[in-house]
Structures are given as structure tokens and as C-alpha cells.
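Structural overview for review
The lines below spell out each chain.
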Amino acid sequence: MLKALVIDPGKCTGCKQCEMACSYENEGVFNPAKSRIRVFDFHHEARFVPYTCTQCAEAWCQQACPVNAITTDAMGVKVVHENLCVGCKVCTIACPFGTINYNASTGKVIKCDLCQGNPACADACPTAAITYQDVEQTGYDKMKLWAARTGTGESAGPNAPAARH
Amino acid sequence: MHHVILGAGPAGVTAAETLRGLDPDARITLVSGEPEPPYSRMAIPYLLEGGIGESGTYLRQQPGHYDRLGIEVMHARAGGLDAASKRLFLNGDALPYDKLLISTGASPVTPPIEGANLPRVHTCWTLADARRIMELADRSAPVVLVGAGFIGSIVLEALYERGCDLTVVEIAPRMVARMMDDVAGGMLKRWCEAKGLRVLTNTRVERIAKSANGSGEELRVSLSDGGTIPAQLVVMAAGVRPNVGFLVGSGVVVEAGIRVDDHLRTTAPDVYAAGDCAQAVDLSTGMHDVLAIQPTAVEHGRIAALNMGGRRTRHRGSLNMNVLDTMGLISSSFGLWQGVQGGASAKIVDEGGWRYLRLEIDGDRLVGAQAVGLTEHVGMLRGLIQTGLRLGAWRDKLLSAPERAAEAYVALAQGMTGHGWTGPRTKTPV
């Protein structure tokens, strides 16, 4: 069964332990700048939004990679192969979500790979704003969340036609 | 059904794979004009730097990938096309097809400079070019690079990493003139100079000649400013043009590139075009134009193949975008980075900190962007432009603080939804 990160910004307190856990798990340092998850802080509205890769079904980063360095694993996760990545950064401009980023210290790109099935961010989150769940089990919740949070539906997504032509 | 795909770059390979996904029984022939397995020109600079071997440039890394998919890879050059009888001429032999995709890419232009055909003057386009350049571009060898556009600037980085004694000659007033404005171009030039390169903008190469003294292994490059510089190697990066010569008399109409409609069909029946050779819709302008970049080639290849395979799919346009690493200074540009008439512009410039961000807004939509020294979440700039998302209250916030673009994106596109599978459903730009 496929699992995914489920993020509920309403439960996020902005503690950023997910960023610390992610950078430590993946880079061996407590450095939020190297985290693959980022908490956006809308402080005027007192709202925090944890934000990371959605593991697109047909990923823009993967399609744009000129050397086949991003592949899909058995869990549907898009994984960067460091030995193949040449550091050209085309994926970083191709991903319209901005969730694959260049890491200058390695000369390669980094993105969320769900920590090989045990995401450190979800473990570290003290308020269950970030959880790791079976996709199908929570399908109903997913629809409820979607309906509650957007009045615009799917047409607001990144693949929506640009209205200006 | 026999699909023939002429050209084995990213457009051709993506098309072949997409066609196989649509039709397990079709015969698919992928024709490569070069002897190597399908590879990525974009990876060549990293080969020159020594970061990868030749196999690291291959578009697909799994051994037997094409065999496994039943894609027949041929190595041949096209000499002509008879669209009426549906035959493609390869090295003189006729190859019949039911549907043809032309994804022949582009080739470098040789500028009309005396001496441009001398030995030791090379373009940097193919693996064969890369091998010759690696022989000649020794450590501390004097090398002249002609052209500091996008491709020239990528080659520049590779030659610098090889330790060459490099002089760059650019006819335009600034580097990357077709990718970024004078603030960004000026920043890149000063960065290069700080790294010890000579960058001569507003300068033409008048003549390349063999050195009069010595063993004939050295060239002398004469410049429009009156100067002459020695070179063991001259690398030409003066632009590219579509590979369409074989289409003369074929009935396929060629303008700046091969004319295609919004389903990537050419003017000849059952002939499609994709990638650097195709003149397809630019998302930003709605006009047909050649956008010779990797992501566009892949989009074209996929959409052309869907149409060839009977899935009518409209190409609504590709977004122009580039990213460049100039010896550690990373820059990118998107869409209408020059701005539009009647639009609004926001800039932050930090010359000392090597950072620059410029946003171009038309009405309340972001239509273009440039960034220097900024990589974090840079794809969101594409996200904002590609979606044409209405900025609403964020318009004025971005005009006074363009550095909040990522925040604006999350607030507008993402902030109201959860993530993982709760985020917006995503597809490739079909």
C-alpha cells in the first residue's frame, strides 16, 4: 500500500523540528537551510505551512533531468541518484513547486525521498501536523481536507491553463 | 503501425518511450545521427570538467533500455524526405513510415570569420567535439571562447574547471544577453573577472590565423579592439540553428524552425516535429517560436508522441527558462524576463553580495523573472508564471519586496491545501 506525508498546516505551531530532523537525517547536520521540508511562516496571519515535495505521479523534475538521475522507486517516491546527478539544476527550475533544490556543498540536487519509508519529519513533529499514512485508508479525509481548504478545486493547481491566452 | 523518430535527443527518446506506452505492438524506429547511444548535450560540460565519463551523458542509464522497450535504434543521417509517399531517406536508403517525428535538434552556427575552419577551432556540441576539446584544453593552455551566450557560458564554466587560461569574446554588450538583463549580465562578467578570466564584451573576432612562428600548433586570434591573443584552442559558441536542411523540397514548411500547429503536426500529413528544430507555441507570448531548451524538448516529445499514437493532445505552450552556474554563481531566468509594455517591475540588487532578483508583473500575474545568487525554491518562479495564478494582494507585496516570491507562491497555490496526496494533483504539462 502506498504511503504519503499528510500535512495539516492547521496543527503546525512553527517549531521547525521537522526541518532540524530532516537536515540531521539527510545531511548529518542540524541546519534548516539543508532541510528538504520547509515551514513557511505567515506571521501576520499567525499561520505556519510545512511544505515539501508531493512525489508527483509524473514528476516534472524527473522528466526534465537530462541524465536519468531521478527515478521512481517501488513506493512511487522520486529519488535522486547522486552518482548520476551532474548538478545541472534544470530540475530546480522545471519543478513548479520549488521542492527540488541545489546543494552547493555537494554540487548535486536534493529533494524529499520520504527517508526510505521512515520520514524523520513526521517522527519529529510534536503536534501531528505532519503524519505518514496509508494513502487509501485516508482517502475520505483527503477529500474532506481538500473540500474544506479550497473553494477553487483542481483548476487552481499548477497544471491549470493559464487564463491570459 | 511504424513510427519513425528522426533524432535521438531528449525529444526523440521521450517520444519513443511515450509511443511504446501507448501501443505495445507498434514498430518504433529511433534514428540517431551520431554513433553513440542517445545522449544529452547538456551533460557535455560535466564530461569536460571530469565529473562524469561518457556514459554519464547518456539519456537513459539502464543497459538494454531500448531493447527492453522494443525500440529499434539506428545510426544514420537523413538525406531527404518524401512526405507524399511517406518515405524517409537515410544514407540513401528509403525507410517507409506511417508516422514520422522530426526531432533533429539544432547544430552550432559557424560565424563568418576568416580562419573559423582551421584545425584547433572547434564547436562544443557533440561527444566527438568534447573528445577533441579534452585533448587540446590542457591545464593552463591559452583558450579563446567565442560567444558568452547561454551555451557559451556553460562551456566557459567547463573550460575554467579544466584550468585553461581563458579569454571570452562576446559580440554583444553583455554576457547571456538573451537570458538576462544588463544588471545580471554585468554581475556575471565581474564575477568571471574576479575569478581571473578575461571577458571582452562588445568585441568581435576579426580573424583566426595560424601562428607565424613556432610549430603551427598555436593560433592567433585578432579582435575588433585591435588586440591579438594566442590560443591553443578556439571554442566557438556563436549560436545554433535547427537541423532542417534535409527538408528542402519535402513539403514540410520551415520558418525559423519547422512550422507546427498546436498538436505539433507539421504542414505534411503524418509528420510531426519536436524540440530544438520545431517552431511551437511559447506559453508566454502565445506566438510560435523556437525554444531550444531541454524541458521544452521533453514536453514536445511527449505531446507529439501522444498525438502520433492517437491521443489528441493540445500543446498549450512551453515556458522559456534557463539556469546557469558560472563558477559557483548561479543564475536563472523565466518567461518574459524583459518585462512587458504597461507591466510593473520589481528589483532587488545586491552587487556586493552577488544577489539579484527581478520580477515582471503584467496585471496581477507574474510573467517573468530573473535571479542571480538565489537557488532556494527557485522553481516556484516557474510555478507562479506557468499557472498564471492571480497575485491579488500579493501583487503589491511583491512589488515592494520581490524576495517574498516563495512565500507568495505557497500562500497562493499551496498554503490553503495540505500536501502529499492532499496537494493539487499534478501532471506533466499536456
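For the structure, see preceding data.
Overview of the structure.

1. Describing the overall build of chain B
Assigned secondary structure in chain B consists of 10 helices and 26 strands. Taken over C-alpha atoms, the radius of gyration comes to 23 Å for chain B, in line with the 22 Å a tight globule of 430 residues would show. C-alpha extents for chain B along the principal axes are approximately 60 × 60 × 40 Å. A fraction of 61% describes how many contacts in chain B between residues 6 or more apart in sequence connect residues 24 or more apart. Surface accessibility of chain B: about 16,400 Å² in total, with carbon and sulfur atoms responsible for 48%. Side-chain charges in chain B split into 43 positive and 45 negative, and the spacing between the mean points of these groups amounts to 4 Å.

2. Remarks on the pattern of salt bridges
Taken as a whole and assessed by the stated rule, the structure comprises 25 salt bridges over all chains. A single salt-bridge network, built from bridges that share partners, covers Glu36(B), Glu54(B) and Arg131(B).

3. Examining helix H1 (residues 10-22) of chain B
All names here are of chain B. The end-to-end C-alpha distance of H1 is 18 Å, a good match for the 18 Å that 13 residues give at a rise of 1.5 Å each. Taken across its 13 residues, H1 has 10 buried, putting it largely inside the fold. Every buried residue of H1 is accounted for by Pro10, Ala11, Gly12, Val13, Thr14, Ala15, Ala16, Thr18, Leu19 and Arg20. Buried residues along H1 sit in contact with strand E1 (2-6), strand E2 (27-32), helix H3 (65-68), strand E3 (71-75), strand E7 (99-102) and helix H7 (294-308).

4. Let's talk about the sheet that holds strand E16 (residues 233-236) of chain B
Residues and elements named next belong to chain B. Read from one edge to the other, the open sheet built from five strands follows the order E9-E16-E10-E11-E12, with strand pairing classed as parallel. Single-partner strands in this sheet number two, and they are strand E9 (121-123) and strand E12 (198-200). Shown here is a sheet whose adjacent strand axes are inclined to one another by a mean of 20 degrees, direction ignored. By the bridge criterion, three bridges tie E9 to E16 in an arrangement that is parallel. Bridging across to E16, histidine 122 finds its partner in valine 235.

5. Quick notes on the packing of aromatic side chains
In the structure shown here, the tally under the stated rule is three aromatic pairs over all chains. Note on Tyr24(A) and Phe30(A): the rings are 4.5 Å apart at their centroids and 5 degrees apart in plane angle, and the pair reads as stacked. Classification of Phe30(A) as exposed rests on a relative accessible area of 54%. Ring geometry for Trp191(B) and Trp354(B): centres 5.0 Å apart, planes at 80 degrees, overall edge-to-face. With Trp191(B) in helix H6 (residues 182-194) and Trp354(B) in the loop between strand E24 (344-350) and strand E25 (355-362), this pair connects stretches of sequence that are 163 residues apart.

6. Observations concerning the nonpolar core
Residue and element names in this part refer to chain B. Ranked by size, the top nonpolar core spans 101 residues in total, and within it Leu156, Leu159, Val235 and Leu381 carry the most contacts. In terms of residue count, helix H10 (residues 405-414) provides more of this core than any other element does, seven residues in total. In contact with valine 235, not counting residues within four places along its chain, are His122, Cys124, Ile133, Val143, Val144, Leu145, Val146, Val155 and Leu159. Counting 46 residues, the second-largest nonpolar core is a separate cluster that includes Ala15, Ala76, Tyr97 and Leu101.

7. Focus on H6(B)
Residue and element names in this part refer to chain B. Taking 1.5 Å as the rise per residue, H6 with 13 residues should run 18 Å; its terminal C-alpha atoms sit 18 Å apart, in good agreement. All buried positions along H6 are accounted for by Val183, Ala184, Gly185, Gly186, Met187, Leu188, Trp191 and Cys192. Here H6 starts with a cap whose side-chain oxygen sits 3.2 Å from the backbone nitrogen of valine 183, and that cap is aspartate 181. Directly beyond the C-terminal end of H6, a positive phi value near 95 degrees is found at glycine 196.

8. Quick notes on the environment of His43(A)
Position of His43(A) relative to the elements: it lies in the loop between strand E2 (38-42) and strand E3 (47-51). Residues His43(A) and Val80(A), 37 residues apart in the sequence, show an inter-C-alpha distance of 33 Å.

9. So, the sheet that holds E7(B)
Residues and elements named next belong to chain B. The strand order across the open sheet formed by five strands is E3-E2-E1-E7-E19, and the pairing between neighbours is parallel. At either end of the open sheet lies a strand with only one pairing partner, and these are E3 and strand E19 (271-273). Neighbour to neighbour, the strand axes of the sheet diverge by 20 degrees on average, direction disregarded. Pairing analysis gives four bridges linking E1 to E7, with the strands arranged parallel. Across the sheet, histidine 3 pairs through a bridge with lysine 99, a residue of E7. In the packing of H7 onto the sheet, contacts are made with E1, E7 and E19, and the angle to E7 comes to roughly 170 degrees.

Procedures and definitions
- What you see as residue numbers is a count from 1 along each chain, following the sequence as written.
- Following the order in which they are written, the chains are lettered starting with A and the ligands numbered starting with 1.
- Only residues with pLDDT of at least 70 are given local features in this predicted model, and only at 80 or more are side-chain atom pairs given and counted; all residues enter the totals for whole chains, interfaces and linings.
- Excluding hydrogens and water, the side-chain figures rest on all heavy atoms present in the structure.
- Helix and strand labels come from DSSP, where a helix needs a run of H or I of at least four residues and a strand needs a run of E of at least two; each type is numbered from the N terminus.
- We take the radius of gyration over the C-alpha atoms and set the globule estimate at 2.2 Å times the residue count to the 0.38 power.
- The criterion used for residue contact is that any of the two residues' heavy atoms lie within 4.5 Å.
- To be clear on the numbers: accessible area is Shrake-Rupley with a 1.4 Å probe, and residue cover counts the displayed protein chains and nothing else.
- A residue counts as positive if it is Lys or Arg and as negative if it is Asp or Glu; His and the chain ends are not included.
- One atom stands in for each charge, and that atom is NZ of Lys, CZ of Arg, CG of Asp or CD of Glu.
- The rule for a salt bridge is simple: a side-chain nitrogen of Lys or Arg has to be within 4 Å of a carboxyl oxygen of Asp or Glu.
- By definition here, a helix of n residues has an expected span of 1.5 Å times n minus one.
- Think of it in three bands: with a 1.4 Å probe and only protein chains considered, a residue is buried below 20% of the maximum accessible area for its type, exposed above 50%, and partly exposed in between.
- Here, a strand pair is defined by DSSP locating no fewer than two bridges between the strands.
- Axis lines are fitted to C-alpha atoms, over the contacting stretch for helices. Their N-to-C directions set the angle, which ranges from 0 to 180 degrees.
- When the centres of two rings from Phe, Tyr and Trp lie within 6.5 Å, Trp using its six-membered ring, the rings pair. Their planes under 30 degrees apart give stacked, over 60 give edge-to-face, and anything left gives tilted.
- Nine residue types can take part in a nonpolar core, namely buried Ala, Val, Leu, Ile, Met, Phe, Trp, Tyr and Cys, and a core is a set of them joined through side-chain atoms within 4.5 Å.
- Identification of polar contacts relies on pairs of N or O atoms within 3.5 Å, with a donor-acceptor requirement for protein atoms, meaning one able to donate a hydrogen and the other able to accept it, and with residues adjacent in sequence counted only if both atoms are side-chain atoms.

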